[in-house]
Amino acid sequence: MARTVDFYAVLGIARDAGEADIKKAYRKLAMEHHPDRNNGDKASEAKFKEIAEAYEVLRDPEKRAAYDRYGMAGIRGGGGGRGPESMHFDLSEALSIFMRDFGGLGGFDAFFGGGQRAQRDQRRGQDLKVALKLTLAEVATGAQKSVRLHTLDRCSVCSGSGAKPGTKAVRCGTCGGSGEVRRNAQSIFGQFLTVSPCPTCAGEGTVVQSPCDRCGGDGRVKTEKTVQIDVPAGVADHHYLTMRGQGVPGPRGGPPGDLIAVLDIKEDARFERRGDDLIYDLPVSFTQAALGADIDVPTPFGQATLHLHPGTQTGTVQRLRGKGLPRLGEGGHGDLHVRIHVWTPTKLSAEQRRVLEQLSEIESAPPLEGAGRRLWEELKRAFGV
Ligand SMILES: [Zn+2]
Ligand SMILES: [Zn+2]
């Protein structure tokens, strides 16, 4: 039996919460329950996954509508068994972005026991975040993008050490090179140990006594550079791409941070995007709808031909399989759904009017009931509304 989870309760939001509220609640909770912030606690990790899952569904209008209507059944099995894979991608991306938020020292100054905490490198460089603008065509094919970064580079004079050539950083006298100072303190529970970063060397364990003239002892200098970012096909707006070690190098030889590309996908006025599927609205003439026709329709990869069936009603949806966007990490493509609108001419030439008047004398009347309702049902089935 499938489990039942109230995603609204998980995120602590009202059932009519808007997009911004959903995002806000997700960010707040994800930070709170992030495994990194809870020493890898299993319960926190489970909670974090649940939060990510709730967000994955509620941020997507289509999934949210299906969930509102059918509960968990609405989001399982539908869409060809998608779910865990795409979820995994989003989750790992969410993890990488949140790592950055907890890279600092905050909140870890004092704790019981001492020495249990994995040593964080105090000199790790900052992460760099860039906004990457993409068109739908680039999402369709994948793209290699160049971005210009204002960042820091290792100083060539001191090779990044921060010490004047011929000199070296020396072991810190305050902490003896450990980067931490420990202090015994008394509490009502008995004696315990507090550990905090060394105030003299800021946790580095070494101090530069003769700083390099070029970088002033930091080991880095300002630079501008261009980097290439490979964007896989099928990405969506909420994805991040993390390039490990491509961020700012750390001071005095510290390890570099990451480069994080935040995707900003430009809307394509021709299509409405629903996950990997696209919707295209196609106006057709009355004669095309009645007689059938081959009509060129745009896809993200160029033109495709739609074989319009004779007797097509307005509002009908015809699917071009595999003409949607690539499925990220899964292979294959989504579909292009073509919504047919029968267009009624607003101006008629004398000849057109004459022919239509002739037709009106011999045409048959539309059925009195049923057809409109059937169309509506078909639409609802196609879009899960
Ligand atoms: Zn230098
Ligand atoms: Zn020190």
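Residues numbered from 1 in each chain as written. Chains lettered and ligands numbered in written order. Predicted model: local features only at pLDDT ≥ 70, side-chain atom pairs only at ≥ 80, totals over all residues. Heavy atoms only, no water.

**Q** Quick question: what am I supposed to make of the overall build of the protein chain here?
**A** In terms of helices and strands, the protein chain carries 11 helices and 15 strands. Expressed as a percentage of the 385 residues in the protein chain, the buried residues total 36%. Partitioning the contacts of the protein chain with sequence separation of at least 6, the portion at a separation of at least 24 is 65%. Surface exposure of the protein chain reaches about 22,600 Å², of which carbon and sulfur atoms provide 52%. (Helix = DSSP H or I, 4+ residues; strand = E, 2+ residues; numbered from the N terminus. Buried < 20%, exposed > 50% of the residue type's maximum accessible area, 1.4 Å probe, protein only. Contact = heavy atoms within 4.5 Å. Areas by Shrake-Rupley, 256 points an atom, 1.4 Å probe, with all protein chains shown as cover.)

**Q** Can you walk me through the sheet that holds strand β8 (residues 240-243) in this structure?
**A** Backbone hydrogen bonds are what pair the strands of a sheet, in a parallel or an antiparallel way. Taken in spatial order, the 3 strands line up as β1-β9-β8 in an open sheet, and their pairing is mixed. Unpaired on one side and paired on the other, β1 (128-134) and β8 mark the two borders of the sheet. Adjacent strand axes in the sheet meet at a mean angle of 25 degrees when their direction is disregarded. Note that β8 and strand β9 (residues 259-265) share 4 bridges and pair antiparallel. (Pairing = 2+ DSSP bridges. Axes fitted to C-alpha atoms, helices over the stretch in contact; angles between N-to-C directions.)

**Q** Looking at this model, I keep getting lost on the coordination of the zinc ion (ligand 2). Mind explaining?
**A** Protein-derived coordination of the zinc ion (ligand 2) comes from Cys 172 (SG), Cys 175 (SG), Cys 198 (SG) and Cys 201 (SG), at a distance range of 2.3 Å. Classification of the site at the zinc ion (ligand 2) rests on its 4 donor atoms, whose angles at the metal span 102 to 116 degrees, yielding the label tetrahedral. The motif formed by the donor residues of the zinc ion (ligand 2), counted along the single chain, is C-x2-C-x22-C-x2-C. On the criterion of sequence distance, the pair formed by Cys 172 in the loop between β3 (170-171) and β4 (180-187) and Cys 201 in the loop between β5 (190-197) and β6 (206-207) is long-range, its members being 29 residues apart. A relative accessible area of 2% means that Cys 172 is categorised as buried. (Donors = N, O, S within 2.8 Å, 3.2 Å for Na, K, Ca; no water. Tetrahedral: all angles 85-135°; square planar, octahedral: opposite > 155°, others 65-115°.)

**Q** I keep staring at the coordination of the zinc ion (ligand 1) and nothing clicks. Help me out?
**A** When a metal carries six donors in an octahedron, the ideal angles between them are 90 or 180 degrees, while four donors in a tetrahedron ideally lie at 109.5 degrees. Taken together, Cys 155 (SG), Cys 158 (SG), Cys 212 (SG) and Cys 215 (SG) make up the full set of protein donors to the zinc ion (ligand 1), lying 2.3 Å away. The coordination sphere of the zinc ion (ligand 1) comprises 4 donor atoms, whose angles at the metal cover 104 to 117 degrees; the geometry is tetrahedral. Site description for the zinc ion (ligand 1): donor spacing in sequence, C-x2-C-x53-C-x2-C. Residue Cys 158 is found in the loop between β2 (143-154) and β3, and its partner Cys 215 is found in the loop between β6 and β7 (220-231); the two are separated by 57 residues along the sequence. Residue Cys 215 is classed as buried on the basis of its relative accessible area of 12%.

**Q** Where do I start with the nonpolar core in this structure?
**A** Soluble globular proteins tend to pack their nonpolar side chains together in the buried interior. Formed by 38 residues in total, the largest nonpolar core has its most connected members in Ile 229 and Leu 282. Setting aside its immediate chain neighbours within four residues, Leu 282 contacts Ile 295, Val 297, Leu 306, Val 338, Arg 339, Ile 340 and His 341. Within the second largest apolar cluster, 20 residues are counted, among which are Phe 7, Ala 17, Leu 29 and Tyr 67. (Core = buried A, V, L, I, M, F, W, Y, C linked by side-chain atoms within 4.5 Å.)

**Q** Can you walk me through the side chain of Asp 335 in this structure?
**A** In this fold, Asp 335 is placed in the loop between β14 (317-320) and β15 (336-343). For Asp 335, a relative accessible area of 10% translates into the label buried. Engagement of the side chain of Asp 335 in a polar contact is seen with the backbone nitrogen of Gly 322, the distance being 2.9 Å. Residues in contact with Asp 335, not counting those within four places in the same chain, are Asp 276, Asp 277, Leu 278, Arg 319, Leu 320, Arg 321, Gly 322, Lys 323 and Gly 324. (Polar contact = N/O pair within 3.5 Å; in protein donor to acceptor, adjacent residues only side chain to side chain.)

**Q** How do you make sense of the packing of helix α2 (residues 19-33) against helix α3 (residues 42-58) when you look at a structure like this?
**A** Angle between the axes and distance between the axes are the two parameters that describe a pair of packed helices. At a closest axis distance of 9 Å, the pairing of α2 and α3 adopts a crossing angle of 165 degrees. Taken together, α2 and α3 sit at an angle that is classed as roughly antiparallel. Considering the relative orientation of α2 and α3, their crossing is left-handed. Between α2 and α3, the contacting residues are Ile 22, Lys 23, Tyr 26, Leu 29, Ala 30 and His 33 on the first element and Ser 44, Lys 47, Phe 48, Ile 51, Ala 52, Tyr 55 and Leu 58 on the second. A class-by-class count of the residues in the contact of α2 with α3 yields 9 nonpolar, 2 polar and 2 charged. (Parallel < 35°, antiparallel > 145°, perpendicular 65-115°, else oblique. Left-handed = near helix turned anticlockwise from the far one by under 90°. Nonpolar A, V, L, I, M, F, W, Y, C, P; charged D, E, K, R; others polar.)

**Q** Sorry, what's going on with the side chain of His 337 here?
**A** With respect to the helices and strands, the residue His 337 is situated in strand β15. Engagement of the side chain of His 337 in a polar contact is seen with the side chain of Asp 277, the distance being 3.2 Å.

**Q** Before we go on, may I ask you to explain the packing of aromatic side chains in this structure?
**A** Describing an aromatic ring pair means giving the distance of the ring centres and the angle of the ring planes. Taken as a whole and judged by the stated rule, the model has 2 aromatic pairs. Ring geometry for Tyr 26 versus Tyr 55: centroids 3.9 Å apart, planes at 5 degrees, classification stacked. Of this pair, Tyr 26 sits in helix α2 while Tyr 55 sits in helix α3; the two residues are 29 residues apart in sequence, bridging distant segments of the chain. By relative accessible area, Tyr 26 is classed as buried at 9%. Pairing Phe 271 with Tyr 280 gives two aromatic rings, centres 6.0 Å apart and planes at 55 degrees, and the pair type is tilted. Both residues of the pair, Phe 271 and Tyr 280, belong to the buried class. (Phe/Tyr/Trp six-rings, centres within 6.5 Å; stacked < 30°, edge-to-face > 60°.)

**Q** Even after reading the chapter, I still don't get the environment of Asn 38, so can you show me in this structure?
**A** The topology assignment puts Asn 38 in the loop between α2 and α3. Assessed through its relative accessible area of 24%, Asn 38 is described here as partly exposed. Sequence-distant contacts of Asn 38, defined by excluding residues within four places in its chain, comprise Glu 32, His 33 and Ser 44.

**Q** Even after reading the chapter, I still don't get the environment of Asp 6, so can you show me in this structure?
**A** Along the polypeptide, Asp 6 turns up in the segment before α1 (7-11). Along the chain, Asp 6 and Asp 68 lie 62 residues apart, while their C-alpha atoms are 9.9 Å from each other. Reaching out from Asp 6, the side chain makes a polar contact with the backbone nitrogen of Tyr 8 at a distance of 2.9 Å.

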